[in-house]
Amino acid sequence: MLQSIVIYTLLLGVMMLFFYIASLKGSYYKDTNGLIKEHSFWKVEILFPLLIFATVFGMRYDVGTDYLNYLFEYKYYDINNSNYELFFSFITHLCRKNGLHYCIYFGILAFIQIFFFFYAFKKERHLYPFLILFLFFTNDWLSWMNIIRQSLAMCIWIYSLKYIEEKKIWLYFLWVFVAFLFHRSAIILFLFYPILVKDIDYFKNIPLQLILILFSILFRMYFENSIMYFEELINFYASLLGKDDFYINAYNIDILKTDFSDVTINIGFFFKLIANIVVILYSKRMKSFYNNKRFIIIYFLFFVGLLSFYIFPAGAISISRPFRYFYIFQGITYAYFIYYLIKSHIDYNKLVALFFILLFAYRFYDSIITAYYSPINHHLLYLFYFQS
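Residues numbered from 1 in each chain as written. Predicted model: local features only at pLDDT ≥ 70, side-chain atom pairs only at ≥ 80, totals over all residues. Heavy atoms only, no water.

## Description of the overall build of the chain
Inference 1: Broken down by element type, the chain carries 20 helices and two strands.
Inference 2: Sequence separation of 24 or more characterises 74% of the internal contacts of the chain that already satisfy a separation of 6 or more.
Inference 3: Entry remark: accessible area of the chain is about 18500 Å², with carbon and sulfur atoms responsible for 67%. (Helix = DSSP H or I, 4+ residues; strand = E, 2+ residues; numbered from the N terminus. Contact = heavy atoms within 4.5 Å. Areas by Shrake-Rupley, 256 points an atom, 1.4 Å probe, with all protein chains shown as cover.)

Okay, structure coming up:
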């Protein structure tokens, strides 16, 4: 437990320090002719924390069940019998062919993830310290080295959103196709261009948002009784992921029922619910503050993620996988939220920001302590590969 607390705290502290330096420099500067130009992304204060992240998580062992499957596949990889997507298969084959240790292999994958995640916000470097803060405090990072392929696709997709904002359909489709070549489930992401390219704020009515959240929670309570009607849909989704026995056994109605029965509503559920309600109550003010299409897109995906999160909780793995593309936007929106509160020049808002951060910090460290005493959650603990 102590090892986990020390490593996560040091990693988070180092990354926040360097990203704070990057945020102070900003994304733009004036040259000698008075022209506004963008700072290069390839700076020490940005690349160093990314490399540290990749190194630490590349050396981490036993991240979860999927991680152990990836490890086994890497050690005994056979390209002729691989069910992996093209790009993931290529990276795996290349690393295996060159005899790279598996921690280097996982480090490369972690770097691709964290690179695309922060490269997506290279024009908003003021958010960097808060993005990494909530990437940790929401435990979103926990799944990155477990559901590796989908996390790679997700981070690439986050980068591709800029092309919706810029109305460059073919570049958006190109990058979603790249994401698809890491995980088949990314095929659903093609659908979001026609939805998001329009200059429409779908969720601007705050009372309606709160009502939708309530209905999503109520719907989740009754969903278990009607799961059997979704069997064809579940089977179709499993066929997208792969046709081997693993997906056939992992994605079926019986497993789904078990997943839902295992999910409990606890203090953590209500804590995050209250946090999300607070963000919703501030949403109109945040939209006015940022006043750009990008934040409207981010907030749309945040709210879609909330609805799917409360209907299909993350613990119901067999059905929540397609919606995990949206869960990451909770932490991203929290970063926007905290930055807004700090820059609003209202003392009360700054107290809200401090309280918000402290509560999430408490939940983060409490989850580590709980994992130490809970065999079910032990994957949260940090274990070096040489301690396996």
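## Topic: the packing of aromatic side chains
Inference 1: One pass over the full model with this rule turns up 77 aromatic pairs.
Inference 2: Here the aromatic rings of Tyr 84 and Phe 88 are separated by 4.9 Å at their centres, their planes lie at 85°, and the arrangement is edge-to-face. By the burial criterion, Tyr 84 is buried, and Phe 88 matches it.
Inference 3: The lysine or arginine in question, Arg 96, covers the ring of Tyr 74, its NZ or CZ lying 6.0 Å from the ring centre.
Inference 4: Above the ring of Tyr 282, the side-chain terminus of Arg 285 is found at 4.2 Å from the ring centroid. (Phe/Tyr/Trp six-rings, centres within 6.5 Å; stacked < 30°, edge-to-face > 60°. Buried < 20%, exposed > 50% of the residue type's maximum accessible area, 1.4 Å probe, protein only. Lys NZ or Arg CZ within 6 Å of the ring centre and 35° of its normal.)

## Regarding the pattern of salt bridges
Inference 1: One pass over the full model with this rule turns up 11 salt bridges.
Inference 2: When the shortest N-O distance is used, the salt bridge between Lys 287 and Asp 201 registers 3.0 Å. Of this pair, Lys 287 sits in helix H16 (residues 267–290) while Asp 201 sits in the loop between helix H11 (192–196) and helix H12 (206–223), placing them 86 residues apart in sequence.
Inference 3: Classification of Lys 287 by relative accessible area gives buried; the value is 11%.
Inference 4: Exposure remark for Asp 201: the relative accessible area of 23% places this residue in the partly exposed category.
Inference 5: A network of salt bridges, in which partner residues are shared, links Glu 85, Arg 149 and Arg 184. (Salt bridge = Lys/Arg side-chain N within 4 Å of Asp/Glu carboxyl O.)

## Looking at empty space enclosed by the protein
Inference 1: Summed over the entire model, instances satisfying the criterion amount to one cavity of 30 Å³ or more.
Inference 2: Counted as a void, the largest cavity has a volume near 30 Å³.
Inference 3: Taken together, Phe 117, Leu 131, Phe 134, Leu 135, Asp 140, Ile 328, Gly 331 and Ile 332 form the lining of the largest cavity.
Inference 4: Going through the elements one at a time, helix H6 (128–137) and helix H19 (324–343) are the ones with two or more residues in the lining of the largest cavity.
Inference 5: A class-by-class count of the residues in the lining of the largest cavity yields six nonpolar, one polar and one charged. (1 Å grid on protein atoms, 1.4 Å probe; cavity = no way out; pocket = protein on both sides within 12 Å on 5 of 7 lines; lining within 4 Å. Points joined across faces, edges and corners; volume = space filled by probe spheres on them. Nonpolar A, V, L, I, M, F, W, Y, C, P; charged D, E, K, R; others polar.)

## A look at the packing of H16 against H19
Inference 1: Contact pair H16 / H19: the axes reach a minimum separation of 9 Å and the direction vectors enclose 60°. The orientation of H16 with respect to H19, classified from their angle, is oblique. Of the two possible hands of crossing, H16 and H19 adopt the one that is left-handed. Residues Lys 272, Ala 275, Asn 276, Val 278, Val 279, Tyr 282, Arg 285, Met 286, Phe 289 and Tyr 290 of H16 lie in contact with H19, whose contacting residues are Gln 330, Thr 333, Tyr 334, Tyr 336, Phe 337, Tyr 339, Tyr 340, Leu 341 and Lys 343.
Inference 2: A breakdown of the residues in the contact of H16 with H19 according to their chemical character gives 13 nonpolar, three polar and three charged. (Axes fitted to C-alpha atoms, helices over the stretch in contact; angles between N-to-C directions. Parallel < 35°, antiparallel > 145°, perpendicular 65-115°, else oblique. Left-handed = near helix turned anticlockwise from the far one by under 90°.)

## Describing the confidence of the model for the chain
Reading fine detail from the predicted coordinates is not recommended where pLDDT is low.
Inference 1: Averaged over the chain, the pLDDT score is 85; the fraction of residues at 70 or greater is 83%.
Inference 2: Across the chain, the element-wise mean pLDDT spans from 53 in helix H14 (residues 245–250) up to 96 in helix H10 (residues 169–180). (pLDDT = per-residue confidence, 0-100.)

## Observations concerning H16
Each α-helix turn comprises 3.6 residues. Residues three or four places apart therefore point the same way.
Inference 1: For H16, with 24 residues, the first-to-last C-alpha span of 32 Å sits near the 34 Å given by 1.5 Å per residue.
Inference 2: At Ser 283, H16 shows its largest bend, some 50°.
Inference 3: Immediately beyond the C-terminal end of H16, within one or two residues, lies Asn 291, with a positive phi of roughly 50°. (Expected span 1.5 Å × (residues − 1). Bend = angle between axes of the 7 residues up to and from the residue.)

## A look at helix H4 (residues 86–97)
Inference 1: The terminal C-alpha atoms of H4, which comprises 12 residues, lie 16 Å apart, in line with the 16 Å expected from a rise of 1.5 Å per residue.
Inference 2: Listed as buried for H4 are Phe 88, Ser 89, Ile 91, Thr 92 and Cys 95. End-on, the buried residues of H4 take up no more than an arc of 165°, which puts them together on one face. Relative to its buried face, H4 has exposed residues pointing more than 90 degrees away, namely Leu 86, Phe 90 and Lys 97. (Arc of directions from axis to C-beta.)

## Looking at the environment of Ile 52
Inference 1: Checked against the element boundaries, Ile 52 lands in helix H2 (residues 44–58).
Inference 2: Remark: the alpha-carbon pair of Ile 52 and Met 15, spanning 37 residues in sequence, is separated by 8.1 Å.

## Description of unusual backbone geometry
Phi is mostly negative for residues that are not glycine, and the peptide bonds are mostly trans.
Inference 1: With a phi angle near 55°, Lys 167 is a residue other than glycine that sits in the positive phi range.
Inference 2: Residue position: Lys 167 is located in the loop between helix H9 (162–165) and H10.
Inference 3: Of note in this structure, His 345 is not a glycine but carries a positive phi near 60°.

## Side note on a nonpolar patch on the surface
Inference 1: There is a patch of nonpolar side chains on the surface, built from Leu 208, Ile 211, Leu 214, Phe 215, Leu 218 and Met 221 and spanning about 560 Å² of accessible area.
Inference 2: Locating Leu 218 in the fold gives a position in helix H12.
Inference 3: A relative accessible area of 36% means that Leu 218 is categorised as partly exposed. (Patch = residues over 30% accessible without salt bridge, like charges linked within 9 Å, V, L, I, M, F, W, Y side chains within 5 Å.)

## Focus: the side chain of Ser 367
Inference 1: By the secondary structure assignment, Ser 367 is in helix H20 (residues 347–373).
Inference 2: When neighbours within four sequence positions are excluded, Ser 367 is seen to be in contact with Asn 139 and Leu 380.

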